[in-house]
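Okay, here's what each chain looks like letter by letter:
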Amino acid sequence: MYDVIIIGSGPAGLTAAIYNTRAGLKTLLLAGAKWGGQLMLTTEVENFPGFPEGIQGPDLMANMRKQTEHHGAEIIDVNVIATDFGKQPFVVKTDEQQYEGKAVIIATGADTKWLGVPGESEKIGRGISSCAPCDAPFFRDKDVIVAGGGDSAMEEACVLTRFAKQVTIIHRRGEFRASQAMQDKAKANPKITFMMNTQITQVLGEMKVSGVKVKDTINGEEKELVTDGVFVAIGHIPNSTVFKGIEVDEKGFIKAREHFHTNIEGVFVAGDVYDHQYMQAVTAAGFGCAAALEAERWLESQT
Amino acid sequence: MADVTFTDSTFKQQVLESKLPVLVDFWAVWCGPCRMVSPIIEELAKEYAGKLVVGKLNVDENPQAAGQYGIMSIPTVMAFKDGKPVKSTVGAQGKESYKKMINEILG
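Below: a short report on this structure.

About the criteria used
In this numbering scheme, every chain counts its residues from 1 along its sequence in written order. Labels follow written order: the first chain is A, the first ligand is 1, and so on. Residue-level local features of this predicted model are given only where pLDDT is at least 70; pairs of side-chain atoms are given and counted only at 80 or more, and the full residue set underlies all totals for whole chains, interfaces and linings. Starting at the N terminus, helices and strands are each numbered in turn, a helix being any DSSP run of H or I of at least four residues and a strand any DSSP run of E of at least two. Each residue after the first adds 1.5 Å to the expected span of a helix. The burial label depends on the number of other C-beta atoms within 10 Å of a residue's C-beta. Counts of 20 or more mean buried, 12 or fewer mean exposed, and intermediate counts mean partly exposed, with C-beta atoms placed from the backbone. Two residues qualify as being in contact provided that their C-beta atoms, derived from the backbone, are within 7 Å of each other. Under this grouping Gly is polar, as are all residues other than the nonpolar Ala, Val, Leu, Ile, Met, Phe, Trp, Tyr, Cys and Pro and the charged Asp, Glu, Lys and Arg.

1. Digging into helix α1 (residues 11-22) of chain A
Residue and element names in this part refer to chain A.
And then number 1: With twelve residues, α1 should reach 16 Å at 1.5 Å per residue; the first-to-last C-alpha distance of 16 Å fits that figure.
And then number 2: For α1, the buried fraction is high: eleven of the twelve residues fall into the buried class.
And then number 3: Within α1 the residues assigned to the buried category are Pro11, Ala12, Gly13, Leu14, Thr15, Ala16, Ala17, Ile18, Tyr19, Asn20 and Thr21.
And then number 4: Where α1 ends, the next residue or the one after it, Gly24, has phi of about 80°, a positive value.

Next comes the structure, spelled out in structure tokens:
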């Protein structure tokens, strides 16, 4: 029996684990088969305080994990497949085991949202990607498209210009959601061009990506573009489906009540699985800390 | 047996002409998620010693092999049997999912 079971191993989950273990709580962190969260798919992180020169996303996560292990958290790299929050103690199931905890912190984050158009899914890894830092070098001197209009689309595009000949950002709206700083960075890059009010409706190509079909969202005109790759950065889907009985909003983000409580007493939430407002490494870590302190306080109130 | 390092010059002999099935981890130093896969590959090499050859191929240093199999996204883990690629997964996966893939090819 654990005092706290934390589900997820991004900045929120790992920070929560650091706080709970340091408070002397018996803490289990179920990290997921792919641990580390979205920062594992990034390069340089320049806005995490304490690293004046910046730090590589995967290095930051490896450090956080080391710090968590140092304080004595038990970490298992498995996915959670089901939960029972209907009675105490709470039950969290993986493929092979089930674990019992008095309190649970959900910090499962969010995953890439794909375009969901014909021709896409079978070409993931064959020209379709969601990770420019991982795959950009394969597009040396090639033409690529980035789909999206937020910060991550701008960042993907900038990373790609180190290798690609030309990068086209395709966005279905007339203006970007990205921060001014990121927009300015992308706009100042001579290799990046923009195609606004345009939606990708199909990915073309047999064995690999050879082009896309696009539609003008204003006049409905359709045309085909030749390209070697499509990087998808249109947002994220919260990983909340496995938690039965936990209240979510219409997009699947877990609803937090006051002080990071969910609708079930003793179950707390932190990070991108609930936060669609800030979505920063440092806010996720902060929310993880808050949820851990709340869980601690709640456990104390139960005795 | 530890994991093996494949290169363009050894690929034919070590992978394609191997008597045992082979699992190849296509990776590069600049790839963050590849770092999640590397330790798993090393464990799998030990666990399946004698049944399966498990190794890594650096795509920067060995563009020929990576190009031949159309690798455009890493980490990609590809299984070879009798000189042919029979299965592959793109993106970092958990150990269980690699084991599942291995058990399918070992039959």
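2. What about the interface of chain A and chain B?
And then number 1: Between chain A and chain B, the contact holds 22 residues from the first and 16 residues from the second.
And then number 2: Ranked by residue count, the leading element in the side of chain A that touches chain B is helix α3 (residues 132-135) of chain A, at three residues.
And then number 3: Residue composition of the side of chain A that touches chain B, by class: ten nonpolar, six polar and six charged.

3. Some details on unusual backbone geometry
Residue and element names in this part refer to chain A.
And then number 1: For the bond from Gln88 to Pro89, the omega torsion is -10°, close enough to zero to count as cis.
And then number 2: The topology assignment puts Pro89 in the loop between β6 (82-84) and β7 (90-93).
And then number 3: Backbone geometry places Asn197, a non-glycine residue, at a positive phi of 50°.
And then number 4: Here Asn197 is to be found in the loop between β13 (192-195) and β14 (198-204).
And then number 5: On the basis of neighbour counts, which here come to 15 C-beta atoms within 10 Å, the residue Asn197 falls in the partly exposed class.
And then number 6: Residue Phe260 is not a glycine yet carries a positive backbone phi of 65°.
And then number 7: Tracing the backbone through its elements, the reader meets Phe260 in the loop between β18 (236-238) and β19 (267-269).
And then number 8: With 23 C-beta atoms packed within 10 Å, Phe260 lands in the buried category.

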